[in-house]
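# Structural description and commentary
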Amino acid sequence: MKDRLFYPPLLLGLIALATSASLVLANAATRERIALAERRDLQDSLGQVLPPGHADNELLADAVEIAGADGKAVTVYRARKGRNVTGAVFRTSARGYAGEIDVVIGVGTDGRLLGARVVRHQETPGLGDKIEVARSKWILGFDGKSLGDPPAEKWGVKKDGGVFDQFAGATITPRAVVRAVKEGLEFFAAHRAEILAEGGAS
Amino acid sequence: MKPDAIVRNGLWDQNVVFAQMLALCPAMAVTTSGVNGLGMGLATTAVLVASNVLIAAIRRLVSPEVRIPVFIALIATLVTLVDMAMNAWLHELHKVLGLFIALIVVNCAILGRAESFASKSPVGESALDGLAMGLGFTLAVTAIGLVRELFGSGTLFAQASLLLGPGFAFLEMTVAPGTSGMLLMVLPPGGFLVLGLLLAGKRLIDRRGSGA
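Residues numbered from 1 in each chain as written. Chains lettered and ligands numbered in written order. Predicted model: local features only at pLDDT ≥ 70, side-chain atom pairs only at ≥ 80, totals over all residues.

### Considerations on the domain arrangement of chain A
By a widespread convention, an interface's size corresponds to the accessible area lost as its parts come together. Looking at the assigned domains, one finds that chain A contains domain 1 (1–40) and domain 2 (49–196). Relative placement of domain 1 of chain A and domain 2 of chain A: their C-alpha centres are 38 Å apart. (Domains from an automatic or database assignment.)

### Re helix α5 (residues 91–104) of chain B
Residue and element names in this part refer to chain B. For α5, which comprises 14 residues, the first-to-last C-alpha distance of 18 Å matches the rise-based estimate of 20 Å (1.5 Å per residue) to within 8%. At L97, α5 shows its largest kink, close to 65 degrees. Along α5, the residues that are buried comprise H94, L97, L99, F100, I101 and I104. Buried residues belonging to α5 abut α3 (34–57), α4 (67–89) and α6 (108–116). (Helix = DSSP H or I, 4+ residues; strand = E, 2+ residues; numbered from the N terminus. Expected span 1.5 Å × (residues − 1). Bend = angle between axes of the 7 residues up to and from the residue. Buried ≥ 20, exposed ≤ 12 C-beta atoms within 10 Å, placed from the backbone. Contact = placed C-beta atoms within 7 Å.)

### Remarks on unusual backbone geometry
The omega angle of the peptide bond from D149 of chain A to P150 of chain A is 0 degrees, so this bond is cis rather than trans. Within the secondary structure, P150 of chain A is located in the loop between β5 (113–120) and α2 (172–190). Backbone geometry places A23 of chain B, a non-glycine residue, at a positive phi of 60 degrees. Position of A23 of chain B relative to the elements: it lies in the loop between α1 (3–13) and α2 (24–29). For A23 of chain B, a count of 23 C-beta atoms within 10 Å puts it in the buried group.

### Overview of the interface of chain A and chain B
At the junction of the two partners, chain A supplies 24 residues and chain B supplies 29 residues. The class makeup of the residues in the side of chain A that touches chain B is 14 nonpolar, seven polar and three charged. (Nonpolar A, V, L, I, M, F, W, Y, C, P; charged D, E, K, R; others polar.)

### Considerations on the environment of T32 of chain B
Considering the arrangement of structural elements, one finds T32 of chain B in the loop between α2 and α3. Separated by 19 residues in sequence, T32 of chain B and S51 of chain B have C-alpha atoms that sit 27 Å apart.

### Considering the environment of L135 of chain B
Residues and elements named next belong to chain B. Residue placement: L135 occurs in helix α7 (residues 123–153). A count of 20 C-beta atoms within 10 Å places L135 in the buried class. Sequence separation between L135 and N15 is 120 residues, and the spatial gap between their C-alpha atoms is 9.3 Å. Filtering out sequence-adjacent residues up to four positions away, L135 remains in contact with G10, L11 and T45.

### Brief notes about the environment of I58 of chain B
Mapping I58 of chain B onto the fold places it in the loop between α3 and α4. Residues I58 of chain B and S119 of chain B, 61 residues apart in the sequence, show an inter-C-alpha distance of 8.2 Å.

Shown next as structure tokens:
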């Protein structure tokens, strides 16, 4: 049986079938749990980019979809205190050294950055991963910055004449995070009226 | 093969990195610190044991012409399953180790053990071989990581608590506080330098052992 001509392709086909089937099953079994865990992560990071006491509403329940610069919809979560909108939290991203870096930023109604956190990246362990708050305080350096402070030409890493530190051995990663945060602030500035509009999904 | 020979081969005589010179890509890429090396090593060990068991179990069914694609399909599936399962049930650990898991697919040591051991041996021995080879790999990448970390950033086991839990915070040591370290050691050339030096060290020990 094993030395028949049809055996190897048949075996390969069966293995391919069995492996893909197990992947389909595993995907079905884990999809919901992964989505739930990621939603919890998102909720945690949404909370982290707002100073304590800045919002008293359920952020995930107060979202608006706004078309971003590249045509893709950006989900903006609104922070409220009582009836007033006190800020907006949304995801922005830029291409890093190894794939997209996703950053969640919180912006106050005055356009100042309340906080930024990297929620997903594939940068080099030990070099580029200093953008995580658990590994370095670097990301906290963005707090309080806005589009005019520092001025537009200073929105970059020090190597490019900007005000933000780069890391030893990794410039592309922090450069991408700076760009992501800056683009996020520009997005907020361009859509400020829509984001802060009263009513909506409150 | 006798169990003690399998263990000895895996940990020292046929060490994946220091004797077989396999898996150098992950051994260089993630060993910028001891904890990164340890994380990669443990994740690899888990996959290696599972893939050895699976391949030993079906070894009589696989015809030699297509064994390599069959092994690769099984290993890639296994890694993806581990990745999904960890993401779903051990989400906190996945956040730390997730980075390394995708890299395991390209670890030629796994295919190497499938081809040279598991495809010719019973399930039990293959499991032991996977465990020993995996721990040998863990030892090697942790050692490379620790040396690079010591000279590159002046710390040992920094951020161990992120990987192993807060109980292991006592492992974290700052050997040279306030120094920024030698950047070279963290960059890829440092990996080659440290690997070469450790390799020479192992040869020296082996020679002394046999020559005396």
